[in-house]
Amino acid sequence: MDRRAFLVGSGTTALGALSGLGRADGAGGEGRRDATSVGDAARTAPDWAVNWRSRWPYYGGVTSEVQAVVGGGRLFLTPRVAGLPERTDEFEGEDLLAVGLDTTDGSYKSGNTVEMSVRSSRPAGAVRADGQFVVTVLADEGEQTFAAVVSAGEDRDGWATRVDGVPAGPPAAAEDTVLVPAGASVAALTTTDGRVAWTAPFDSPVSGVTAADGTVYATTEEGVLSALDAATGDPRWTASPLATLGLGGPAVVGDRVLSVDGWGGVHAVGTDGSEAWSTVPEGVVTAPDDGRGATGPPGTVGRVAADGERCYVAAVFGTEERERTAVTALSLADGSEAWTHEFASAPHDDVHSVRNGPTFQPRVVEGSVWAAGNRTAVALDAASGDLRRRWGFGHPLRATPLPTPSAVYFLDGFGVYRLDRSGSDCGPYEVSTAGVSYERGMDGEELSVDGGVTADGCPVVGTVDLLVDGEYLASAGGYVAADEGTTPYLDYGWEDLPGSLDRATLRFRGTDGTVVDTRRVAIDDYREEPPDFSIRCPSMATTNLGVGTGVTVTAEVSNSGSDPGYVATLEADGSVVARRTGEIPREFHDDLEPCDGTPLALSTLLTGFEGREITVRVEPTADEGSGDAERFGTVRSGDPYALGGGLAGLTLLGTYVRRRLRGDGSD
């Protein structure tokens, strides 16, 4: 596809509420209108503070994506929302529990928490329309979408409506109606009573819907963008992109309708259906041929966000084997690239991966672009793409950060955090711990970071960045209680740390995501530690062989040092009767399951009738290090005539004597 090819109709829209975030009223009435915006905060030095933290009312938190909608003093959270069809397995078998929080203190309001008791693999969604929160899920009967008001105003009764077709994406608001994509149709429900005002059919399943200025825009899985009359549902025009791929849910800004396809294309058409542009950001993973039936990764994920000059997409760059993720800004006028911000190329993709992170992104609010990977969130300057703020989290994020003019909300698997712009009485930040170690675990080498930041007795959102040899690698962090002063542990899977690297840099960030301190620390390298062998879970078995007693001892041996070489000896009354050599690599074991080291077995034959004290020793072959010894107890030889009489006894005795004369005491 030509990067600047013009097309007749192409598009995909982002979440309708997303485009509203670019306006001053995007918060739906929440917060102070005269407050400095969060977007402006990305260029100034705001005094942000942790306003509150609220834990999820689920045992173990939430494991799937969450759609967050704010307005009217409430934050409404709907789990099991996703924008990628291949991620529907994340939701199967879970009950939906929609949660409403009071934005002033994070408490659960009466009537704001509703358990829908719906189990399905279809994503749910929510929208704020005419002062109400409306949620859509798969109906109990199946093949129908259940739409309901879950948080009604004091002077209004709730309603519930079923429409044919399974949920096909989040609902959207259009004046006095709620637009519900269901199967191969869009239904418009009145906000007053949920009555079906009109239904518009399509030739293929709908993938998204939004509305602006009296027009409804819908995209389909067959790559069609359609415009409908918002009052009647009558068609106005239809456009198709050059690619025959499905389009994502549309977004409208100015006179442009925007969308992404499944393989990296970003499309724009005029709101009148006129020609516009289509492009693929440089370096984005694209499909071979037209992408139908292809197994590679999509080039763009999530939704399109836009302001008055640019649109923004989260993209996957490079090949599938060495992919990296980025946020790209494109000109609304012609689709040319304004800037690209790449996340760090982490060896393990769960730190920064946009693909593994929330799909309703990015968001653009008054000069700042907000995006999130699995455990990393950033605020970028909308004009230049420069990094303004970064936050790290110890648990996967379940939504893109939700900024409003007065606050920003972060949502991870264990809770919701509101950072307020109203200021703080906290004192200066202090770094409590700072350290980096290089350890080899069961899955290879890891750089492990332990660091923390406090703010004079106040709770903070603390973040620690890891840099090695000047290269930013990863972040970790999260909510830090006033009396803790630590951030969650960070493991970075570096496959082979160069021997010349012995120091790392840690950057500590405060609640507002800006750097408050930098520490240069030595890397505690396991390769400099002597071997240390430990015996665990010893056991012994004896067998009466007629001429004596066969003894076999077994144990699990672990090594917490760098040199793997060892020599193990089996001793009887202090004399070595068996020996074994080998290597045991450094491994870390869970004390709750100690018998998981390298197996060790030694055996010998004891003759005579006296008792012998049996001991096993494991020692390093290196010049330094330490080993372990285990006393197994006393073994007494058996009757040489007990099995098979004298002939058998003499035969076994002769074999044993020959082994001893050769000096072969091994098992």
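Remember, it's a predicted structure, so these values are computed and weren't measured experimentally.

### Section: the overall build of the chain
Along its length, the chain carries 3 helices and 46 strands. Within the span of the chain, comprising 667 residues, buried residues form 55% of the whole. Excluding contacts between residues fewer than 6 apart, the proportion of contacts in the chain whose partners are at least 24 apart in sequence is 58%. Approximately 26,900 Å² of the chain is accessible, and the part contributed by carbon and sulfur atoms is 46%.

### Comments concerning the sheet that holds strand E11 (residues 177-182)
The 4 strands are arranged E10-E11-E12-E13 in an open sheet whose pairing can be described as antiparallel. If you trace the sheet from one side to the other, it starts and ends with strand E10 (172-174) and strand E13 (196-201), each paired once. This sheet shows a mean twist of 25° between the axes of neighbouring strands, independent of strand direction. Examined bridge by bridge, strand E12 (residues 185-190) and E13 share 5 bridges and lie antiparallel to one another. Following the sheet pairing, Ala188 is matched in E13 by Trp198.

### A few points about the state of the cysteines
Evaluation of the coordinates by the stated rule reveals 2 disulfides. Disulfide pairing places Cys426 opposite Cys458 at an S-S distance of 2.1 Å. Between Cys426 and Cys458 the disulfide shows an S-S torsion of about -120°. By sign, it is left-handed. Residue Cys426 is found in the loop between strand E32 (415-420) and strand E33 (430-441), and its partner Cys458 is found in the loop between strand E34 (444-454) and strand E35 (460-468); the two are separated by 32 residues along the sequence. Classification of Cys458 by relative accessible area gives buried; the value is 18%. Linked covalently through their sulfurs, Cys537 and Cys595 form a disulfide whose S-S length is 1.6 Å. Looking along the S-S bond of the Cys537-Cys595 disulfide, the torsion reads about -85°, which is the left-handed sense. Pair noted here: Cys537 is in strand E40 (residues 533-544) and Cys595 is in the loop between strand E43 (575-583) and strand E44 (598-607), with a separation of 58 residues, a long-range link.

### Some thoughts on unusual backbone geometry
What you tend to see is this: most non-glycine residues have negative phi, and most peptide bonds are trans. One non-glycine residue with positive phi stands out, namely Asp130, at about 55°. Considering the arrangement of structural elements, one finds Asp130 in the loop between strand E6 (125-129) and strand E7 (132-138). The phi angle at Asp469 is positive, at roughly 55°, despite the residue not being glycine. Mapped onto the fold, Asp469 is located in the loop between E35 and strand E36 (471-480). Overall, the relative accessible area of 63% leaves Asp469 in the exposed class.

### Section: the sheet that holds strand E31 (residues 407-412)
With antiparallel pairing, 4 strands are arranged side by side in an open sheet as E1-E32-E31-E30. Both outer strands of the open sheet, strand E1 (49-55) and strand E30 (402-403), are each paired with one neighbouring strand and no more.

### A look at the pairing of strand E19 (residues 256-260)
Counting buried positions along E19 yields 5 of 5 residues, so the element is predominantly enclosed. Every second residue of E19 is oriented toward a common face, with Arg256, Leu258 and Val260 on one face and Val257 and Ser259 on the other, all of them buried. Where strand E18 (residues 251-253) folds back onto E19 in an antiparallel hairpin, the turn is made up of 2 residues, including Gly254, whose phi is positive at roughly 60°. Between E19 and strand E20 (residues 266-270), which pair antiparallel and follow one another directly, the connecting turn spans 5 residues, one of which, Gly264, has a positive phi of 105°.

### Concerning the confidence of the model for the chain
On average, residues of the chain score 77 in pLDDT, and 73% of them are at 70 or above. Note on residues 112-119: pLDDT under 50 across the span, and 36 contacts to partners over four residues away in sequence or across chains. With pLDDT under 50 throughout, residues 287-297 is counted as low confidence; its partners more than four residues away or in other chains account for 18 contacts.

### Quick word on the environment of Ala174
Mapped onto the elements of the fold, Ala174 is located in strand E10. Taking the C-alpha atoms as reference, Ala174 lies 9.6 Å from Thr190; in sequence the two are 16 residues apart.

### A closer look at the packing of aromatic side chains
In the structure shown here, the tally under the stated rule is 10 aromatic pairs. Aromatic side chains Phe76 and Phe133 sit 5.0 Å apart centroid to centroid with 20° between the ring planes, which places their arrangement in the stacked category. With Phe76 in strand E3 (residues 74-79) and Phe133 in strand E7, this pair connects stretches of sequence that are 57 residues apart. No difference in accessibility class separates Phe76 from Phe133, as the two residues are buried. Here the aromatic rings of Tyr312 and Trp339 are separated by 5.9 Å at their centres, their planes lie at 40°, and the arrangement is tilted. Taken together, the residues Tyr312 in strand E23 (residues 310-317) and Trp339 in strand E25 (residues 337-342) connect sequence positions 27 residues apart. Just as Tyr312 is buried, Trp339 falls in that class too. Through pairs of rings, three or more aromatic residues link up here, namely Trp48, Trp370, Trp391, Phe393 and Phe410.

Rules behind the numbers
- All residue numbers refer to positions counted from 1 along the written sequence of the respective chain.
- At least 70 in pLDDT is required for a residue's local features to be given in this predicted model, at least 80 for side-chain atom pairs to be given and counted, and no such filter applies to totals for whole chains, interfaces and linings, which use all residues.
- Heavy atoms throughout the structure, all of them, feed into the side-chain values; hydrogens and water do not.
- Secondary structure follows DSSP: runs of H or I at least 4 residues long count as helices, runs of E at least 2 residues long count as strands, and numbering of each begins at the N terminus.
- Per-residue accessibility, obtained with a 1.4 Å probe over protein chains only, is compared with the maximum for each type, and a residue is labelled buried under 20%, exposed over 50%, and partly exposed between these values.
- Note on definitions: a residue-residue contact is assigned when non-hydrogen atoms from the two residues lie within 4.5 Å.
- Values of accessible area rely on a 1.4 Å probe in the Shrake-Rupley scheme; residue burial ignores everything except the protein chains shown.
- Two strands pair under a simple rule: DSSP has to find at least two bridges between them.
- In this analysis, axes come from line fits to C-alpha atoms, helices being fitted only over the stretch in contact, and the angle between any two N-to-C directions falls in the range 0 to 180 degrees.
- Working definition: a disulfide is two cysteine sulfur atoms within 2.5 Å of each other.
- The pLDDT value expresses, per residue, how confident the predictor is, ranging between 0 and 100.
- Between rings of Phe, Tyr and Trp, where Trp is taken as its six-membered ring, a pair exists when centres lie within 6.5 Å; planes separated by under 30 degrees are stacked, by over 60 edge-to-face, and by other angles tilted.

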